[in-house]
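Analysis of the macromolecular model
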Amino acid sequence: MRIHARLKAALTIPLLMLALVAGAIVAKADDKVTIQIDGAAVPYYLPLYVAQKEGYFKEQGLEVEFLYANAADILNNVAAGNVQFGFPNGDAVISARANGIPVKVVHSTYQRGIGAVLFKNSSGIKSPADLVGKKVAVTSYGSPNYIQLQVMLSQAGKSIDDVKVEIVGTGAILDALKSDQVDAIVFSMLRYYALKAEGVDVGMIASDDFLPSHGNVLVTSESYLASNPQQVKGFIAALDKALKHIVEGDVQKDVQMAIADYAPTFAPQEKVVTEIIKEVFIKTLWQSEDTQKSGFGYGNIAAWQKTIDMAAEYKAIPEEFPAADLVVEKPSGL
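None of these values were measured; they are calculated from a predicted model. (Residues numbered from 1 in each chain as written. Predicted model: local features only at pLDDT ≥ 70, side-chain atom pairs only at ≥ 80, totals over all residues. Heavy atoms only, no water.)

1. What about the pattern of salt bridges?
For clarity, the cut-off: Every case where a carboxyl oxygen of Asp or Glu lies within 4 Å of a side-chain nitrogen of Lys or Arg is listed as a salt bridge. Elements are defined by DSSP. Helices are runs of H or I of four residues or more, strands are runs of E of two residues or more, and each kind is numbered from the N terminus. Relative accessibility thresholds used throughout: buried, under 20% of the residue-type maximum; exposed, over 50%; partly exposed, between the two (1.4 Å probe, protein chains only).
Scanning all chains against the criterion turns up 11 salt bridges. Measuring nitrogen to oxygen at the nearest pair gives 3.2 Å for the salt bridge that ties D209 to R112. Here R112 lies in the loop between β4 (103-107) and β5 (115-120) and D209 lies in the loop between β9 (202-206) and β10 (218-221), a separation of 97 residues in the sequence. A relative accessible area of 54% places D209 in the exposed class. One salt bridge connects K120 with D180, and the closest N-O pair in it is separated by 3.0 Å. With a gap of 60 residues between them, K120 in strand β5 and D180 in the loop between α7 (173-178) and β8 (184-188) connect regions that are remote in the sequence. Using a relative accessible area of 17% as the deciding quantity, one classes K120 as buried.

Below, the structure is given as structure tokens:
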């Protein structure tokens, strides 16, 4: 019996060691990837923060680092392989692709753009035609908002010459409206809620009702998509899971997390941020009729094409190009 027990032990130890070695071979460290995000850390990038905090990236074998930059730098870095993913606005992506930068939209996260005409209701403005003869501020003649203004006026049978365009910097444009230096501004619809919270009786015309566009979208380079399809699929799966988590979960709790862990300067604005996430992002930006049928991040090729063609018509890009070359229509089908 003793000999049998010793023999059993002698056989068991090497088997255990073999199992441990095999386990070490199978175990794989998470793939380290970096995403560069447009602007600075703000709680509106909630899906990315939730995917990180809830471990959804890790479930996909990804260790994700967040960096921040302007859209042009993001797209150049993605194309050069300095970062694996980017989260810039859709207008910048169209411009980059039109100028030969080989980037690919793999997830149309925002189904709409966030541009809007904002005005005080006392101005009497109710439609683009009411802007005739008014002072309207944009941040620059090269901004997407300026194109949106031109398209709105054109569809109302008017032209840009029918309004008095003022160039006002990003930091001053809201004050220009509040102090009645201008009658309207073409800026971000998110500021509509901020102005309301300040007690300003403000109205809004959404630019996307006249010209389809996109806010922030997930991009990668053509070469990274070709050589690392599993990492791209994993990132998209984690992002989709985070979006579902927010839409079906406790928005206020998620906003509190995002502010505490990523954007502490927004602490005084928790209430308005929560309202914006509920009323704008969940209802109109992250979801649409397309996403109901085909999942989060669906890339409507016809809508993208219209934006591209308009950008070319208004000389924002050298020439139009096929939207299908830029956009993945159904991210989950990659």
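2. Remarks on the side chain of S207
Threshold: As used in this structure description, the phrase polar contact means that two N or O atoms lie within 3.5 Å; if the pair is within protein, one of them must be able to donate a hydrogen and the other to accept it, and residues adjacent in sequence are counted only when both atoms belong to side chains. In this analysis, two residues are considered to be in contact whenever any of their non-hydrogen atoms come within 4.5 Å of each other.
Turning to its location among the elements, S207 is positioned in the loop between β9 and β10. By relative accessible area, S207 is classed as buried at 2%. Reaching out from S207, the side chain makes a polar contact with the side chain of Q148 at a distance of 3.2 Å. Setting aside residues no more than four positions away along its own chain, S207 makes contact with G115, A116, V117, Q148, M152 and V186.

3. Things to note about the environment of L326
Along the chain, the position of L326 falls in the segment after α14 (301-313). Between the alpha carbons of L326 and A267 there is a distance of 37 Å; along the sequence they are 59 residues apart. Beyond its immediate stretch of four places on either side in the chain, L326 contacts V93, I94, R97, V103, K104, V105, W304 and F321.

4. Notes on the nonpolar core
Applied cut-off: Here, nonpolar core means buried Ala, Val, Leu, Ile, Met, Phe, Trp, Tyr and Cys residues that are tied together by side-chain atoms lying within 4.5 Å of each other.
With 68 residues, the main nonpolar core has I35, I277 and F281 as its most contacted residues. Those residues within four positions of I277 in sequence are excluded, and the remaining contacts are P43, Y44, L46, I246, V251, V255, I282 and W286. Counting residues in hydrophobic clusters, the runner-up holds 25 residues, among them I94, A96, A98 and I317.

5. Points about the pairing of β8
Going by this rule: When DSSP finds two or more bridges between two strands, those strands count as paired.
With 5 of 5 residues buried, β8 lies mostly within the body of the structure. Here β5 runs beside β8; their pairing, made up of 5 bridges, is antiparallel. Residue pairing for β8: F119 is matched across the bridge by A184. Here strand β6 (residues 135-138) runs beside β8; their pairing, made up of 2 bridges, is parallel. Paired with A137 across the strands is I185, a residue of β8.

The analysis is restricted to geometry; functional conclusions fall outside its scope.
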